[in-house]
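One-letter residues, chain by chain:
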Amino acid sequence: MIKTKLLTLAVFCFWSVISHASNETLEQAFNLLTERSFDDKSQAIKLIAESNHVSSVKLLESILAGDLYYRKKDKRIVYAQKEESKLRIFDALTEEELDLVGKRKVKKIGINNRLRAELKLAISSLALTHPDAEVRLKSVEGMIGKADATMVEKLNGMKAIESDRRILEAISAVIAFSVLADGTREQQLDAIEALQGNLNPAVLSTLRQLGETTESVEVRRAAQKAVKNIESQVDLYGYIETLFFGLSLGSILALAAIGLAITFGVMGVINMAHGELIMIGAYTTYVVQLIMPNAIGLSILVSIPAAFLVSALVGIAIERGVIRFLYGRPLETLLATFGISLVLQQAVRSIFSPLNRSVETPQWMSGSLEINSLLSITYNRLYIFLFCLMVFLVLYLVMKKTSLGLNVRAVSQNRAMARAMGIKSEWVDAMTFGLGSGIAGVAGVALSQITNVGPNLGQAYIVDSFMVVVFGGVGNLWGTLISGLSLGVLGKFLEPVTGAVLAKILVLILIILFIQKRPRGLFPQKGRAAEQ
Amino acid sequence: MKLKTFKVATMALACSAMMSAAQAADTIKVGVLHSLSGTMAISETTLKDTMLMLIEDQNKKGGLLGKKLEPVVVDPASNWPLFAEKARELISKEKVAATFGCWTSVSRKSVLPVFEELDSILFYPVQYEGEESSKNVFYTGAAPNQQAIPAVDYLMNEVGVKRWVLAGTDYVYPRTTNKILEAYLKGKGVAEKDIMINYTPFGHSDWQSIVSDIKKFGSSGMKTAVVSTINGDANVPFYKELGNQSISAEDIPVVAFSVGEEELSGIDTKPLVGHLAAWNYFMSVDAAENDEFIEKWHSFIKDEKRVTNDPMEAHYIGFKMWVEAVKKAGTTDPEAVQQAIIGVSVPNLTGGLATMMPNHHITKPVLIGEIQDDGQFETVWQTSGMVPGDAWSDFLPGSKDIYASWRAPLNCGNYNVKTSKCSGQNF
């Protein structure tokens, strides 16, 4: 009985000594954190990582995230949470709430890139013992080329207790890499064998160096073979990547042009304000995000119908107010719509200020889908590509399967005949223009995710849109999609060879030559009406 | 009785009319030449507001030479030839004592002949490519040796960068700056194959292949950095693409010369944290003058969220210098002010002193900052003292031997020390 008590007491004492010691290290670290010098902070980070305190990871992560501050008056280290324009602060050790203070009363623990790298390494080394296998795997994979001798030692120890096969492989890769450059001959050969087919760029560049410089013929040959092996894969993935880049650029071009394919292609109105209708869609996204700041992910989905409606209404107003008086007079239409585009731009400048507005990207649209370390596809581009196809499909069905679509096609083929059959051509004109403008607005939602939302947004896309429609064949929706995608792919394959500026010029020249040869574009409209 | 009241009233009226007429003649007009519409409105509108604030502030202190200052604001609408017309209007018709304005180099080149012909004064507040020193222009923004060269030095010595990507928008400022940087890097022993130069058109928005190229260029095992002279709007998609292709600042840092607090306020800054910018002023700098300036700006613009940036500080310094020079000369006559302003020192917003040099450039500290997630910069490095602006770069073969001084006896903006000749041409 007494024995047990004594034991408990001893354990308790021991534990409290440890925790006391780690508290002491933390305190020492906290003193260093308030210093200005980055070397002192680096020392502090090491101490926090070594202290093995329960809150070590949380502390390191909040330094990385910029949530750790110190109070200016007593240099106490605190967590801070934003609350309107003030900060609510909590003690960093006890996590008890302290105060609600103004921004200038506390100072953030500033870090630089070197410290950021150290923090990430420290956090991932603490994560090596994380219960979740995915976290452990990520942490090991991130260490290739970064692990130092002590870390390799630690990983070697981990090998014995780790059971997950993928993690074991990743550990061997890290260990193999650590001896690749300067191990013994046998070690190097083993390492090359273990790193066969590893696509990490650090591995490739080290192997390349090995293949050129090392003394042992055997090692050199093995390295060269491995390099060749990896390089053929690099080339393959390079092509796939460029193709995806091209398709994604093409989908944006097609998306911007598809509304114009209706107003210009089907109705024959040269609408220079098309770009501004896109801009209005983008600003609608911004306003929707202002209204629902706590649901950014949802706001994008809400923006799609909202932008369609707003842009469509503006489009109908333009058609009813100006364009309907100018049918059959393309030059005047061009000038009038150009004037409207300037009016809309300046209106946006007056309402929202000339500064760009920040539209947030929802979590599910940022980052990239990593297929391997050579090929990763960014989510926002992937979604926009799919979105473009969807918009196209919906529009195609509207034109082919609904009575509105039927009326539109009838009016565009022969206005007089359509009217004689009892179609209200004025109403159809307004609806068609509204549809085209609404699609432009939807394109604006997509563009708000990849470019600036500002008054000049539309100008950047108007020339490209006309180019796509003319190249695809006026009046043909399929033509617009195919021409958008093919211009995108063409541009992206030219870009690495010629540079971005020249690639753009070359694409334009190619289009001019093509139009000379086939004035009606890729997919000309057939039939008697088209010949007029 | 009634008649008397009428008479008094008339007299009072006449009196006040006369007084206001007298007051109108008793003001000093200051021209503000910034685009309020068109593409450049995004950057220049803020500078117009800054000037209005500075002038209002000076008037509260009692004006200048016993007269009130009166701002004359015109809108050149981002249209370069219109800049020249508006400048002429300001000088000939409005008779302004000095003009504060322009942003792009091309707009400055457009108004330069007008200011020289009519002999008036222009204060130009933006960092630029150098290679110019006019008798009539005072350059309060940074010359390449006050921004680009120290930034490269920092990357080379403190970060250990060995491979360089020079990325820029395709126009005169990036091209000249990159030419200077390339010559400088080669002089420091960087090999041709370790420098990648890339130009993109204005407003470029599809950065996928270029960012992917940068990623490949940077994966050779040697530390790589991007020196970006990418201008204006094109930066947002560029940084977004960097973030999406998960290039973090620890792997490949980007140091930018055209991205400041104002540009960042239009972006979601989370993916940008840790990337760098080189300026002569940051809003986050801890200095009493800066706190006071920010407070004034917020109460003037009535918006606590508005940020301050480097060109605003340049206007602050330029305006203070002009005021000091006018006080020193006792007149607003351009010739006298041009003589008086050389050597004038005024406090800048980072806690130092800015001095006007004889080559019409000023002394500035150079700060390197890392972008934080709140859109502000954390200063990570700064020059120990003030760096004087160099009009003619020492790293370009054509301008190495050229020297500018607008003090007697030289009085020349383009003096060749080898041939001992003043070409007479300023640009």
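The structure reproduced in this document is the subject of the present report. (Residues numbered from 1 in each chain as written. Chains lettered and ligands numbered in written order. Predicted model: local features only at pLDDT ≥ 70, side-chain atom pairs only at ≥ 80, totals over all residues. Heavy atoms only, no water.)

### What about the overall build of chain B?
When helices and strands are tallied, chain B shows 12 helices and 19 strands. On C-alpha atoms alone, chain B measures out to a radius of gyration of 23 Å, which is about the 22 Å that the 2.2 N^0.38 rule sets for 427 residues. Expressed along its principal axes, the backbone C-alpha trace of chain B runs to roughly 95 × 55 × 40 Å. Looking at chain B as a whole, 60% of its 427 residues qualify as buried. By sequence separation, contacts in chain B at least 24 residues apart represent 66% of the contacts at least 6 residues apart. In chain B, which carries 40 positive and 51 negative side-chain charges, the distance between the mean positions of the two groups comes to 6 Å. (Helix = DSSP H or I, 4+ residues; strand = E, 2+ residues; numbered from the N terminus. Rg over C-alpha atoms; globule rule 2.2 N^0.38 Å. Buried < 20%, exposed > 50% of the residue type's maximum accessible area, 1.4 Å probe, protein only. Contact = heavy atoms within 4.5 Å. Lys, Arg positive; Asp, Glu negative; His and termini not counted. Charge placed at Lys NZ, Arg CZ, Asp CG, Glu CD.)

### As for the overall build of chain A
Across its full length, chain A carries 21 helices and 7 strands. Along the first, second and third principal axes, the C-alpha set of chain A runs to 110 × 70 × 45 Å. For chain A, the proportion of its 532 residues judged to be buried stands at 48%. In chain A, once contacts between residues fewer than 6 apart in sequence are set aside, the share between residues at least 24 apart is 63%.

### Considerations on the interface of chain A and chain B
Each side of the interface is counted separately: chain A has 48 residues, and chain B has 54 residues. Of the roughly 4,000 Å² buried between chain A and chain B on both sides combined, carbon and sulfur atoms contribute 42%. Per-residue buried area on chain A facing chain B is highest for Asn113, Phe245 and Leu355 of chain A; these three make up 13% of the total on that side. Counting every contact that joins chain A to chain B gives 7 salt bridges. With a shortest N-O distance of 2.8 Å, Glu250 of chain B and Lys120 of chain A are connected by a salt bridge. Here chain A is connected to chain B by 16 residue pairs in polar contact (both at pLDDT 80 or more). The dominant element in the side of chain A that touches chain B, judged by the number of residues it contributes, is helix α10 (residues 217-266) of chain A, at 5 residues. The residue makeup of the side of chain A that touches chain B, split by class, is 15 nonpolar, 21 polar and 12 charged. (Buried area = accessible area lost by both parts, 1.4 Å probe. Salt bridge = Lys/Arg side-chain N within 4 Å of Asp/Glu carboxyl O. Polar contact = N/O pair within 3.5 Å; in protein donor to acceptor, adjacent residues only side chain to side chain. Nonpolar A, V, L, I, M, F, W, Y, C, P; charged D, E, K, R; others polar.)

### Describing the pattern of salt bridges
Tallied over the entire structure, the rule returns 41 salt bridges over all chains. The salt bridge partner of Glu169 of chain A is Arg165 of chain A, with a shortest N-O separation of 3.0 Å. You can see Glu169 of chain A and its partner Arg165 of chain A sitting in helix α7 (residues 165-180), 4 residues apart, about one turn around the helix. Between Asp401 of chain B and Lys418 of chain B there is a salt bridge, and its shortest N-O distance comes to 3.5 Å. In this pair, Asp401 of chain B sits in the loop between β16 (387-388) and β17 (402-405) while Lys418 of chain B sits in the loop between β18 (412-416) and β19 (421-422), placing the two residues 17 residues apart along the sequence. Of the residues examined, Asp401 of chain B reaches a relative accessible area of 23% and is grouped as partly exposed. Ionic contacts of the salt-bridge type, sharing partners, join the residues Arg381, Lys492 and Glu495 of chain A together with Asp206 and Glu241 of chain B into one network.

### Quick notes on helix α2 (residues 38-51) of chain A
When the terminal C-alpha atoms of α2 of chain A are compared, their 20 Å separation across 14 residues agrees well with the 20 Å that a helix rising 1.5 Å per residue should span. Of the positions making up α2 of chain A, those classed as buried are Phe38, Lys41, Ser42, Ala44, Ile45, Leu47, Ile48, Ala49 and Ser51 of chain A. (Expected span 1.5 Å × (residues − 1).)

### Here we look at the packing of α10 of chain A against helix α18 (residues 459-472) of chain A
All names here are of chain A. Remark: α10 packs on α18, axes separated minimally by 8 Å, with the N-to-C direction vectors making an angle of 70°. It follows from the interaxial angle that α10 and α18 lie roughly perpendicular. Crossing hand, α10 versus α18: right-handed. Of the residues in α18, those in contact with Ile252, Leu253, Ala256, Ala257, Leu260, Ala261 and Phe264 of α10 are Tyr461, Asp464, Ser465, Phe466, Val468, Val469 and Val470. A per-class count over the contact of α10 with α18 returns 12 nonpolar, 1 polar and 1 charged. (Axes fitted to C-alpha atoms, helices over the stretch in contact; angles between N-to-C directions. Parallel < 35°, antiparallel > 145°, perpendicular 65-115°, else oblique. Left-handed = near helix turned anticlockwise from the far one by under 90°.)

### Some thoughts on the packing of aromatic side chains
Under the criterion given, the structure shown has 24 aromatic pairs over all chains. Relative to Trp478 of chain A, the ring of Tyr396 of chain A has its centre 5.5 Å away and its plane inclined at 70°; by these criteria the two rings are edge-to-face. A residue pair is termed long-range when its members are at least 10 positions apart, and Tyr396 of chain A in helix α14 (residues 379-401) and Trp478 of chain A in helix α19 (residues 477-498) qualify at 82 residues. Pairing Phe282 of chain B with Phe377 of chain B gives two aromatic rings, centres 4.7 Å apart and planes at 25°, and the pair type is stacked. Residue Phe282 of chain B is located in the loop between β10 (276-279) and α10 (288-301), and its partner Phe377 of chain B is located in strand β15 (residues 377-382); the two are separated by 95 residues in the primary sequence. Taking relative accessible area as the criterion, Phe282 of chain B reaches 0% and is therefore assigned buried. Through successive ring pairs, a cluster of aromatic residues spans Phe100, Phe123, Phe138, Phe319 and Trp322 of chain B. (Phe/Tyr/Trp six-rings, centres within 6.5 Å; stacked < 30°, edge-to-face > 60°.)

### Some words on the state of the cysteines
Simply put, disulfide is the name for a covalent bond between the sulfur atoms of two cysteines. Residues and elements named next belong to chain B. Under the criterion given, the structure shown has 1 disulfide over all chains. Residue pairing for Cys412: its cysteine sulfur links by disulfide to Cys422, the two sulfurs lying 2.0 Å apart. Note on the Cys412 and Cys422 pair: the S-S dihedral is about 90°, so by sign convention the disulfide is right-handed. With Cys412 in strand β18 and Cys422 in strand β19, this pair connects stretches of sequence that are 10 residues apart. The buried category is assigned to Cys412, whose relative accessible area is 2%. When its relative accessible area of 40% is taken as the criterion, Cys422 is described as partly exposed. (Disulfide = S-S within 2.5 Å.)

### What to know about the nonpolar core
By size, the foremost hydrophobic cluster in this structure holds 68 residues, and its most contacted members are Leu255, Ile318, Val391, Leu395, Tyr461 and Leu487 of chain A. Top contributing element to this core by residue count: α10 of chain A, with 12 residues. Each residue touching Ile318 of chain A, except ones within four places of it in the same chain, is listed here: Leu277, Ile323, Ile340, Leu344 and Phe433 of chain A. Within the second largest apolar cluster, 65 residues are counted, among which are Leu54, Ile55, Val337 and Ala340 of chain B. (Core = buried A, V, L, I, M, F, W, Y, C linked by side-chain atoms within 4.5 Å.)

### A look at the sheet that holds β18 of chain B
Residue and element names in this part refer to chain B. A sheet is described by the order of its strands in space; here 3 strands give the open sequence β17-β18-β19, paired in antiparallel fashion. Looking at strand neighbours, the two that pair on one side only are β17 and β19, the edges of this open sheet. In this structure, β17 lies alongside β18, joined through 3 bridges in antiparallel fashion. Directly across from Tyr403, in β18, lies its bridge partner Tyr415. (Pairing = 2+ DSSP bridges.)

### What about the sheet that holds strand β1 (residues 68-71) of chain A?
The strands making up a sheet are joined through hydrogen bonds of the backbone, oriented either antiparallel or parallel. Residues and elements named next belong to chain A. Spatially, the 5 strands line up as an open sheet ordered β4-β3-β2-β1-β5, and their pairing is antiparallel. Of all strands in the sheet, those bounded by a partner on one side alone are β4 (97-101) and β5 (106-108). Adjacent strand axes in the sheet meet at a mean angle of 40° when their direction is disregarded. Taken together, the 3 bridges between β1 and strand β2 (residues 77-83) define a ladder with antiparallel strand orientation. Looking at β2, one finds that Tyr70 is bridged to Ile77.

### Notes on the packing of α2 of chain A against helix α4 (residues 113-126) of chain A
All names here are of chain A. Direction vectors running N to C along α2 and α4 enclose 5°, while the axes themselves pass 10 Å from each other. Viewed along their axes, α2 and α4 adopt a mutual orientation that is roughly parallel. Where α2 abuts α4, its residues Phe38, Asp39, Lys41, Ser42, Ile45 and Ala49 lie against Arg114, Leu115, Glu118, Leu119, Ala122 and Leu126. Among the residues making up the contact of α2 with α4, the classes are represented as 7 nonpolar, 1 polar and 4 charged.

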